[in-house]
Amino acid sequence: MKSNQENELLNTWLSITNIQTNINHELEKVLQENHNLSLREFYVLYFLSQTNDKELRLQQLQEMIGLSQSAISRLVGRMEAKSCGALQRHICEGDRRGIYTRLTPLGESKLQRALSTFHHVLNYVLGKGHLQRDLNSLIN
């Protein structure tokens, strides 16, 4: 039989993951409704925007987003499609095996609009008094 302390740690962990899951679901819903973006698509745009040249190797994105090679390739492919046009893929000249994707001006614009929504949701959800109390009770 596990000790009460171990059960408390498990319950704390479950509470933390539940809070994160609920916030992720809300972000996913609002991004999809307002910008036709999934949360993962938003993260792709965001991670690319944080680099100096607005591009990353697909393998780097794969690790950052937490997807398999084929899943990140499909995701980037959808975002490159003419209907979206947020990304542009290219082969590295120095290493023909290296496939990069670059944020396009359209992708940058899409990200800026989505960032506003993302921040609004986080301010709303994280700014709630009861969430702060819940987090404090988990820490103490």
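That block above? That's the structure.
Conventions used here
- Residues numbered from 1 in each chain as written.
- Predicted model: local features only at pLDDT ≥ 70, side-chain atom pairs only at ≥ 80, totals over all residues.
- Heavy atoms only, no water.
- Pairing = 2+ DSSP bridges.
- Helix = DSSP H or I, 4+ residues; strand = E, 2+ residues; numbered from the N terminus.
- Axes fitted to C-alpha atoms, helices over the stretch in contact; angles between N-to-C directions.
- Contact = heavy atoms within 4.5 Å.
- Parallel < 35°, antiparallel > 145°, perpendicular 65-115°, else oblique.
- Left-handed = near helix turned anticlockwise from the far one by under 90°.
- Nonpolar A, V, L, I, M, F, W, Y, C, P; charged D, E, K, R; others polar.

Participant: Run through the sheet that holds strand β1 (residues 55–57), naming residues and quoting values.
Facilitator: One open sheet accounts for three strands, arranged β1-β3-β2; its pairing is antiparallel. Looking at the sheet topology across the chains shown, the edges are occupied by β1 and β2 (87–91). With direction set aside, neighbouring strand axes in the sheet form an average angle of 25°. One ladder, built from five bridges, connects β2 with strand β3 (residues 99–103); its direction is antiparallel. Bridge pairing links Arg89 to Thr101 in β3. Of the strands in this sheet, β1, β2 and β3 are in contact with helix α3 (residues 58–65), which crosses β1 at around 90°. Of the strands in this sheet, β2 and β3 touch helix α4 (residues 69–80), which is tilted by about 120° from β2.

Participant: So what about the packing of helix α2 (residues 39–49) against α3? Which residues, and what values?
Facilitator: Between α2 and α3, whose axes approach to 10 Å, the crossing angle comes to 125°. If you check the angle between α2 and α3, you find them oblique. By crossing handedness, the relation of α2 to α3 is classed as right-handed. For the pair α2 and α3, contact is made by Arg40, Tyr43, Val44, Phe47 and Leu48 and by Leu61, Met64 and Ile65, respectively. Within the contact of α2 with α3, the residues separate by chemical class into seven nonpolar, no polar and one charged.

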